[in-house]
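# Structure at a glance
The primary structure of each chain is shown beneath.
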Amino acid sequence: MASGTAGLGTEIVSVINKLQDVFTSIGSGPGGQAGIDLPQICVLGSQSSGKSSVLENIVGRDFLPRGTGIVTRRPLVLQLINRAAQAANGVDKTADKAANADEWGEFLHLPGEKFYDFHKIRDEIVRDTEAKTGKNAGISPQPINLRIYSPNVLTLTLVDLPGLTKVPVGDQPRDIEKQIREMLTKYISKPACIILAVTAANTDLANSDGLKMAREVDPEGTRTIGVLTKVDLMDKGTDVVDILAGRIIPLRLGYVPVVNRGQRDIENGKPISSALENERDFFENHPSYRSKATFCGTPFLARKLNMILMHHIRATLPDIKSRISKNLATYQSELQTLGGGMGEANSGNIVLSVITEFTSEFRTTIDGNTNDLSLNELSGGARISFVFHELFNNGVKTIDPFDQVKDGDIRTILYNSSGSTPALFVGTAAFEVIVKQQIKRLEDPAIKCCQLVYDELIRILGQLLAKVQAFRRYPALRERFNAVVVNFFKQAMNPTLKLVQDMVAMQACYVNTTHPDFIGGHKATAIVSDRLTANKPPTPANDPKNPRSSINNNKDLDVDAKQEQSFFGSFFTPKTGPKKQGVAAMEAPPPNIRPQNALNDRETMETEVIKLLIHSYFNIVKREMIDMVPKAISLTLVSFSKENLQRELLQELYKPEVLDELLKESDFVVGRRKELQTMVQALNKAEEYVISSYVAVIYNLLLTCLSLFASLGLWPAYKQRLFAPALPLSRLLLFLAHCTRTPPHALPTFHSPALHTLSHISLSQVW
Ligand SMILES: Nc1nc2c(ncn2[C@@H]2O[C@H](COP(=O)(O)OP(=O)(O)OP(=O)(O)O)[C@@H](O)[C@H]2O)c(=O)[nH]1
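The rules behind each value
Residues numbered from 1 in each chain as written. Predicted model: local features only at pLDDT ≥ 70, side-chain atom pairs only at ≥ 80, totals over all residues. Heavy atoms only, no water. UniProt positions renumbered as here; feature names shortened; annotations may be inferred. Core = buried A, V, L, I, M, F, W, Y, C linked by side-chain atoms within 4.5 Å. Buried < 20%, exposed > 50% of the residue type's maximum accessible area, 1.4 Å probe, protein only. Helix = DSSP H or I, 4+ residues; strand = E, 2+ residues; numbered from the N terminus. Pairing = 2+ DSSP bridges. Bend = angle between axes of the 7 residues up to and from the residue. Expected span 1.5 Å × (residues − 1). Arc of directions from axis to C-beta. Contact = heavy atoms within 4.5 Å. Phe/Tyr/Trp six-rings, centres within 6.5 Å; stacked < 30°, edge-to-face > 60°. Lys NZ or Arg CZ within 6 Å of the ring centre and 35° of its normal. Near = heavy atom within 4 Å. Areas by Shrake-Rupley, 256 points an atom, 1.4 Å probe, with all protein chains shown as cover. Nonpolar A, V, L, I, M, F, W, Y, C, P; charged D, E, K, R; others polar.

By the naming in an unreviewed UniProt entry, the chain goes by Vacuolar protein sorting-associated protein 1 and is assigned to Hypholoma sublateritium. Checking UniProt for the chain, the heading Sequence similarities (unreviewed entry) contains the comment "Belongs to the TRAFAC class dynamin-like GTPase superfamily. Dynamin/Fzo/YdjA family."

## With respect to the nonpolar core
Counting residues in hydrophobic clusters, the biggest one holds 79 residues, and the most contacted among them are Phe358, Phe481 and Ile633. At 20 residues, the largest contribution of residues to this core is made by helix α19 (residues 601-653).

## Concerning the pairing of strand β4 (residues 144-150)
Two faces make up the sheet, and in a regular strand the side chains alternate between them. Within β4, seven of the seven residues are buried, which leaves it mostly tucked inside the rest of the structure. Burial along β4 is two-sided: Ile144, Leu146, Ile148 and Ser150 facing one way and Asn145, Arg147 and Tyr149 facing the other are all buried. One ladder, built from seven bridges, connects strand β2 (residues 76-82) with β4; its direction is parallel. Bridge pairing in β4 links Asn82 to Ser150.

## Describing helix α9 (residues 298-337)
Within an α-helix, residues lying three or four positions from one another point in the same direction, as the helix has 3.6 residues per turn. Of all the bends in α9, the greatest, near 45°, is centred on Thr316, and the proline Pro318 appears no more than four residues after it. For α9, the buried fraction is high: 28 of the 40 residues fall into the buried class. Positive backbone phi, at 95°, marks Gly339, one or two positions downstream of α9.

## Quick notes on helix α8 (residues 272-285)
Taking 1.5 Å of rise per residue, the 14 residues of α8 would be expected to cover 20 Å, and the 20 Å separating its terminal C-alpha atoms lies within 8% of that figure. Those residues of α8 lying buried are Ile272, Ser273, Ala275, Glu279 and Phe283. One side of α8 holds all its buried residues, which, seen down the axis, span an arc of 160°. Where α8 is buried, its residues touch α2 (51-59), β8 (255-257) and α9.

## What about the packing of aromatic side chains?
Inspection of the entire model under this criterion finds 17 aromatic pairs. Between Phe358 and Phe471, the ring centres sit 6.3 Å apart and the planes meet at 80°, which makes this aromatic pair edge-to-face. Placement of Phe358 in helix α10 (residues 347-367) and of Phe471 in helix α15 (residues 470-473) is noted, with a sequence separation of 113 residues between them. When its relative accessible area of 2% is taken as the criterion, Phe471 is described as buried. Ring plane angle 90° and centroid distance 5.5 Å describe the contact between Phe518 and Tyr617, whose orientation is recorded as edge-to-face. Separated by 99 residues along the polypeptide, Phe518 in the loop between α16 (475-509) and α17 (521-535) and Tyr617 in helix α19 bring together distant segments of the chain. Residue Tyr617 is classed as buried on the basis of its relative accessible area, which comes to 3%. Taken together through their ring pairs, the aromatic side chains of Phe362, Phe488, Phe489 and Phe640 make up a single cluster. Its guanidinium or amino end placed over the ring of Phe118, Arg61 lies 4.1 Å from that ring's centre, counting from NZ or CZ. In this arrangement the basic side chain of Lys114 is found over the ring face of Trp104, its NZ or CZ atom lying 4.5 Å from the centre.

## Let's talk about the site of the ligand
As a matter of local geometry, the ligand sits amid 22 residues, with Ser52, Ser53, Lys230, Asn260 and Gln263 nearest to it. Protein contacts shield 90% of the accessible area of the ligand, which totals 640 Å² for the unbound molecule. Going through the elements one at a time, α2 and α7 (263-267) are the ones with two or more residues in the shell around the ligand. Sort the elements by how many residues they give to the shell around the ligand and α2 lands first, with three residues. Classifying every residue of the shell around the ligand by side-chain character gives three nonpolar, 14 polar and five charged.

See the structure below:
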């Protein structure tokens, strides 16, 4: 069986077997943590369609559990390895003996244990299935890996999957059908999977569960092979030739009809070897199949599968190699962050370098020349700038003094501030009282601004704790860093708050009416009187053009006295009814004297002037605060942190007595590192296997060419022997390709026409 080409195929398939073992050993099922899907043939079909019988016939031994209900409850990854026996040609195929020195099985979960007795293999499958799934006929996706070494098998990897079932039996879970479907879909939906869809020939092909499911994931039928079992049970006069010719449901890889042992044969202990002979006789003597008997039966199926798998592997190997290299790089870099496998640096140096890295990252984030500039959001220093120039700026600008201070209030303050001597001119005291009150309102946004900047610093801290790799490894160091930095920011907040509060207090404490931008009393009065004049029809009394209006003489005063409202005009409401005369009419003022009426002209004038003064002065203060508060916060919080954080961290963390405690690794890190180490080791090994398979392909090809030349007389046969050095040469070439990380697609792939015809045999030509 191990001819030149089969030998080549063996090499190729065996690399997948090795990869499969490597990946299974690190606990990866299909698409597992190594993330590499390997080419494999998955057996799919409904219950009792004959899947186990097909597999046993391919292996040539009874080794699979039999029984009722779902027998296959976990995927069985079956690696058949063709191993040229010492007496391979003389193997007694008729003797299905328990022990045979050339054939044995090995389970991945029992390393080193060889099972020569195939019944014991069956027992172990049952035992391990029950161990993982219990006895209640539940299923589990965790595969059992079994290797069978034999001179009678072709190197092949097959995955036996639970049969598709419809109705739960016994104490099977109610959703068993769904569970099985999900598990099967996981396997067969991978493009690297070749589907062996088993259908009993004595059932309707259109209703075949296996084929239906295969079509769902492979609608073109490019990676599905049909196997028709129980051809012997078909009614007389009927056959499967139409199916085989692809006239019912066409599959690019075609169908193979087989005949397995019937239930009675199994019960009678009929050896597989004689079942295979029966199968051959059946096809050779059946009127429909005899002319094409070489394309029927288990041995043809096994050869076809071997060729298809080999072809498939060859096509996917470059991709597998690139994925292995990619994943290797990813895991290696993660491992690096967790300290890799090498010896440890001095603990003091580690803490020192983390402090340096952290503080330099902190400075960079604040200063804004970080490398990972985000395109769609502000970060670091830019966010602080946003707080200053958008949030704080707008917060201050929207404070309107007159949303709190109404005209009536100003009037009250005006009266109150002039005390018992009624003011002759507009009262500056009232202006100061009100403007100081309003300035105090700026404290809120200033404090809020400090808090927002503090929040931004905490946010940067969070980002850095996630970014600096060492923190993943040393959670205690991370915690301490967090605590020290948060505390540092909190400490820095005290003088910052004090400073901005003082700034507000400074503004409120001294009103600088000589500020060059301040409107001043005279100008304010002029503006207001202009405004009022413009709004009122001119009367002789307040017509500025009428000289009388600006001259106070006795007459005028008399006239005014007659029309006069009280000085506290709008506070004092004269009682209706006849005016009481003289002293007798005086009563004690009421306990609360509140304004009653609308403002009179004079009050309006004064209120407007005060308002204008407040407006002008408050704007000056607002502008100054908008300018100064960010500077203050920068001084005592942001810049201060940038400059002093490193010193603080060194002081708090770089102490010999705490270093060991800080550098304690978490269980997760220890576990993950172990996991990564195994993964990297496995992927390294996998890469080696792939490389060596390339070497083998090249070497075999060279030898084949030489044999060809020798047979054509173009190359003396003795020189072929001299060609032995070509092996190291080709190995060297591949080693160089490996070292220089030649892209896998640049490595040669070979297409042998012979393999091609065998695997993609044209159905119409045969049938
Ligand atoms: N006559 C005959 N019987 C067959 C053939 N193939 C399978 N059988 C019988 O069909 C029954 C089911 O075969 P299995 O190989 O156990 O089927 P399976 O698909 O593995 O079944 P589950 O693992 O339970 O899903 C057994 O009794 C076999 O003997 C065949 O080609 N001819």
